[in-house]
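Understanding the architecture of this molecule
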Amino acid sequence: MDLIEGKEMKAETFIADDYRPAEDEPFMNERQLEYFRRKLITWKHELLEDSRDTIEGLQDSTRNIPDIADRASEETDRALELRTRDRQRKLVSKIDAALRRIEEGEYGYCEVTGEPISLKRLDARPIATMSLEAQERHERREKVHRDD
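The structure reproduced in this document is the subject of the present report. Just so it is clear, the model here is predicted, and its values are computed rather than measured.

Turning next to the overall build of the protein. When helices and strands are tallied, the protein shows 4 helices and 2 strands. In the protein, the succession of α and β elements from N to C terminus is β-β-α-α-α-α. Residues classed as buried in the protein amount to 28% of the 148 residues present. The long-range share in the protein, meaning contacts at least 24 apart out of those at least 6 apart in sequence, stands at 50%. As displayed, the protein offers around 11,000 Å² of accessible surface, 50% of which is attributable to carbon and sulfur atoms.

This is the structure we're talking about:
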């Protein structure tokens, strides 16, 4: 391990472009962790790029529209875009949390049960913090309390 700027840097793990985590290899081995780390970083970069595009688009579209209906439509579009960006901002913070869990060696394990989260679930939702069973229990409990 090398030291760069006072931080310990791990040697980069090589994984092929077509690599997919498999059930028959040790859970959360270096290759799996690197696969999910890269997937999360790529996703984060895409979200941030979309945000930059939105900001530029909103700055370009600040113009005076004389027709009330057109102006209302523009405002609705703008509000929807901002709401979408807010959801994506929250998603970026969840991605950052997942990257921290990778660094801390906690990634891939359910925060409720401590059991491994299935690779299929992590591949579909790399920010998952609960196993499918724990997530379903959580959602059922949430629904029961919401109905009260």
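Time to look at helix α2 (residues 68-104). If you check α2, its first and last C-alpha atoms are 54 Å apart, about what 37 residues at 1.5 Å a residue would give, namely 54 Å. Those residues of α2 lying buried are Glu-74, Arg-78, Arg-85, Gln-88, Leu-91, Val-92, Ile-95, Ala-98, Leu-99, Arg-101 and Ile-102. Its side-chain oxygen 3.3 Å from the backbone nitrogen of Ala-69, Asp-67 forms the N-cap of α2. Backbone geometry just after α2 places Gly-105 at a positive phi near 75 degrees.

Here is what the cut-offs are and how they apply
- Residues numbered from 1 in each chain as written.
- Predicted model: local features only at pLDDT ≥ 70, side-chain atom pairs only at ≥ 80, totals over all residues.
- Heavy atoms only, no water.
- Helix = DSSP H or I, 4+ residues; strand = E, 2+ residues; numbered from the N terminus.
- Buried < 20%, exposed > 50% of the residue type's maximum accessible area, 1.4 Å probe, protein only.
- Contact = heavy atoms within 4.5 Å.
- Areas by Shrake-Rupley, 256 points an atom, 1.4 Å probe, with all protein chains shown as cover.
- Expected span 1.5 Å × (residues − 1).
- Polar contact = N/O pair within 3.5 Å; in protein donor to acceptor, adjacent residues only side chain to side chain.

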